[in-house]
Structure formats: C-alpha cells, structure tokens
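# Topology and contacts: notes
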Amino acid sequence: MAGKTPPEAVHNFLEPLQLALSCVSQEVLTVRGGYYPSATPHVLTFGNSPAILGHDRHLALKVVQHYRIIEHEGARGPWKVLTVAYNYTVEEAGGAGREMFAYHWHPNERTAITFPHFHLYQGAGAMRDEVRKAHFPTGHLAFEDLLRLVITQFGVIPLRDDWEAMLERTQAAFEDWRTWP
Amino acid sequence: MGTTTETTNGQIRELTREEGLALLDREAQRYLHMSAEQFIKAWEAGDFDEDPDRPDVMYVAMLLPFAK
C-alpha cells in the first residue's frame, strides 16, 4: 500500500487489514513503532491472541506479520509498505486449543525454510509423522484468502453480512500495490 | 446477524517499547514457559535451531520486533 508519507502509507496498509479482520473478529491490530522506515522490519499482531473467530466461536486465529516501509517511484507513492513475513495459525478455540494448520513465510528467521509454506498440526487429526513435520510449499497468501478459507470451508460464521464484498475490496486494494520482495 | 458498517474495530493500537516487551514476555511465558529475556537469549544462542519452525517457537520468534 502507498502514501505520500510513511505514516500515510502504513495507515493505508493497516486500515484494510483491520477492515478485513472485522469480518471475523472484534480484535484490534497492534503494532510497535511501525510508522517510519527502519533498518529492521516492523511487526503487527493482535492485542489479545488468539482471536476467537466468528459468531460460532469454535476456531481461533493467531497472526503475526512483518512489514517494511520503502520508497517507491510511481503515481501513488513515494512511500510503500511491503509484507515481508507472515504467520497465520488457525487453532481450536478454548483453553487447550490445539493448532490445526498454519501458513508461514519467514525468510529471515533462523531456519532454512525461506519459501512460503503450509503446516498441518495435531489439531487437524491423527497423521503420519512426515506429514506433521512437512513444510508444504505454497504461493504467498493474502490475509483475505485465509479469512475466506475459514469462513467458506471451516464453518466460521462471519460477523458482517457484507464479508464477501469487504474481503474483495480490501484484497483488491492490497493486490493493486502488492509486491513480494 | 453481522453488520454492514464501514468502521474498523476501534483504533489500531501502537505499543510503547515497554508494552511491546510485555507482550513478548506474555506470549513467551504462555507458549514456551520462559520470560522474554530468556527466550531472546535462547533464540540468539541457537537453542531452538533443531526445529525453529515448531508452531510455538516460530510464533514467539516472530514477535521479537516488539522488543526492539
């Protein structure tokens, strides 16, 4: 997402994410010092994690994203925000909530797994050891795709009647300016 | 059921350094039963390098920028 100033670019990046999140949760995005360019990525998560999802409340979501603010030549710039890492984990809601699956992309952490990937965890049911340990390669995943997945295929009852249009809108805004490093 | 209002869920929250460290500490305690300081030391020493992509470890590790 772009803006005339770094804070404007970050606002244009965060607000659609918060709107998208409102389709399934009342949680508020939480950042730290993330409105100016920095040598290291900025981070966002939820204030209270995991976020219980939907009216049904049977699943919960943990989210961490890293982003950078960069200069960008173009009509809507000169500042732009790039997502540079993410961790989206879906788990059973409740005290002992077990992780079910996750989409990860963490190219700069202490691991050789630098490509975007998918994990299946114990909360998804009994599975072979190799499946439990595997990093299934994926493309980069938009946050909206994850939210659409839990609504359409995991029975999360959205908090907004206009969830489809809202996710389309926020994802289109993101994809207009999406650049994966 | 649901709403069609345009509003976001309140203000996006920006944490101070102390609040960020408290968040990291809370999550490190909850998922790894160690303090933020202990996790940072262990992470940087490579204590988790055998399987850093365990769900609990990678989640807390990715929260490290909250402590910067």
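What counts as what
- Residues numbered from 1 in each chain as written.
- Chains lettered and ligands numbered in written order.
- Predicted model: local features only at pLDDT ≥ 70, side-chain atom pairs only at ≥ 80, totals over all residues.
- Heavy atoms only, no water.
- Helix = DSSP H or I, 4+ residues; strand = E, 2+ residues; numbered from the N terminus.
- Contact = heavy atoms within 4.5 Å.
- Areas by Shrake-Rupley, 256 points an atom, 1.4 Å probe, with all protein chains shown as cover.
- Rg over C-alpha atoms; globule rule 2.2 N^0.38 Å.
- Buried < 20%, exposed > 50% of the residue type's maximum accessible area, 1.4 Å probe, protein only.
- Lys, Arg positive; Asp, Glu negative; His and termini not counted.
- Charge placed at Lys NZ, Arg CZ, Asp CG, Glu CD.
- Salt bridge = Lys/Arg side-chain N within 4 Å of Asp/Glu carboxyl O.
- Buried area = accessible area lost by both parts, 1.4 Å probe.
- Pairing = 2+ DSSP bridges.
- Core = buried A, V, L, I, M, F, W, Y, C linked by side-chain atoms within 4.5 Å.
- pLDDT = per-residue confidence, 0-100.

This paragraph deals with the overall build of chain B. Scanning chain B from N- to C-terminus turns up 3 helices and 1 strand. Mapped from its N terminus to its C terminus, chain B presents α and β elements in the order β-α-α-α. For chain B, the proportion of contacts with a sequence separation of at least 24, taken over those separated by at least 6, is 47%. Accessible surface for chain B amounts to roughly 3,700 Å². Of this, 51% is attributable to carbon and sulfur atoms.

Let us look at the overall build of chain A. Within chain A one finds 4 helices and 9 strands. Moving toward the C terminus, one meets the helices and strands of chain A in the order β-α-β-β-β-β-β-β-β-α-β-α-α. Computed over C-alpha atoms, the radius of gyration of chain A comes to 17 Å, within 12% of the 16 Å expected from 2.2 N^0.38 for 181 residues, which places it in the range of a compact globule. In terms of overall dimensions, chain A has C-alpha extents of about 50 × 40 × 25 Å along its principal axes. The buried share among the 181 residues of chain A stands at 54%. Once local pairs closer than 6 in sequence are excluded, the contacts in chain A between residues at least 24 apart make up 51%. Carbon together with sulfur atoms contributes 52% to the accessible area of chain A, which is approximately 7,700 Å² in total. In chain A, the 16 positive side-chain charges and the 20 negative ones have mean positions that sit 6 Å from each other.

Here we take up the pattern of salt bridges. All names here are of chain A. Counted under the stated rule, the structure contains 14 salt bridges over all chains. A salt bridge links glutamate 92 to arginine 98; its shortest N-O distance comes to 3.2 Å. Between aspartate 145 and arginine 148 there is a salt bridge, with its nearest N and O atoms 2.9 Å apart. Pair noted here: aspartate 145 and arginine 148 are both in helix α3 (residues 143-153), with a separation of 3 residues, about one helical turn. By sharing partners, the salt bridges in this structure join Lys62, Glu91 and Glu99 into a single network.

The interface of chain A with chain B comprises 54 residues on the first partner and 38 residues on the second. Counting each side, the surface lost to burial between chain A and chain B is near 3,600 Å², with a carbon and sulfur contribution of 55%. Where chain A touches chain B, the interface holds 1 salt bridge. For A:Arg110, the salt bridge identified is with B:Asp49, shortest N-O distance 2.8 Å. When residues in the side of chain A that touches chain B are grouped by element, the largest group, 5 residues, is from strand β3 (residues 42-46) of chain A. Direction of pairing for strand β2 (residues 29-32) of chain A relative to strand β1 (residues 13-15) of chain B: parallel, over a ladder of 3 bridges. Within β1(B), the position partnered with A:Val31 by the bridge is B:Glu14.

Time to look at the nonpolar core. Residues A:Leu44, A:Leu61, A:Tyr103, A:Phe143 and A:Leu146 are the most contacted members of the largest nonpolar core, which totals 43 residues. If you list the elements that add at least two residues to this core, you get α1 (6-21), β2, β3, β5 (59-71), β6 (79-92), β7 (99-105), α3 and α4 (163-176) of chain A. The contact partners of A:Leu44, leaving out residues within four places of it in the chain, are A:Phe13, A:Leu14, A:Leu17, A:Leu29, A:Thr30, A:Val31, A:Val63, A:Val64, A:Gln65, A:Tyr67 and B:Phe66. The next biggest cluster of nonpolar side chains, apart from the first, holds 25 residues, and it includes B:Leu24, B:Tyr31, B:Phe48 and B:Met62.

Turning our attention to helix α3 (residues 55-62) of chain B. The buried fraction of α3(B) is high, at 7 of 8 residues. Looking at α3(B), one finds that the buried residues are B:Asp56, B:Val57, B:Met58, B:Tyr59, B:Val60, B:Ala61 and B:Met62. In this structure, the buried side of α3(B) is in contact with β3, β5, β6 and β7 of chain A together with α1 (17-32) and α2 (36-44) of chain B.

With 94% of its residues at a pLDDT of at least 70, chain A reaches an overall mean of 90. Within chain A, α3(A) carries the highest mean pLDDT (97), whereas strand β1 (residues 2-3) of chain A carries the lowest (78).

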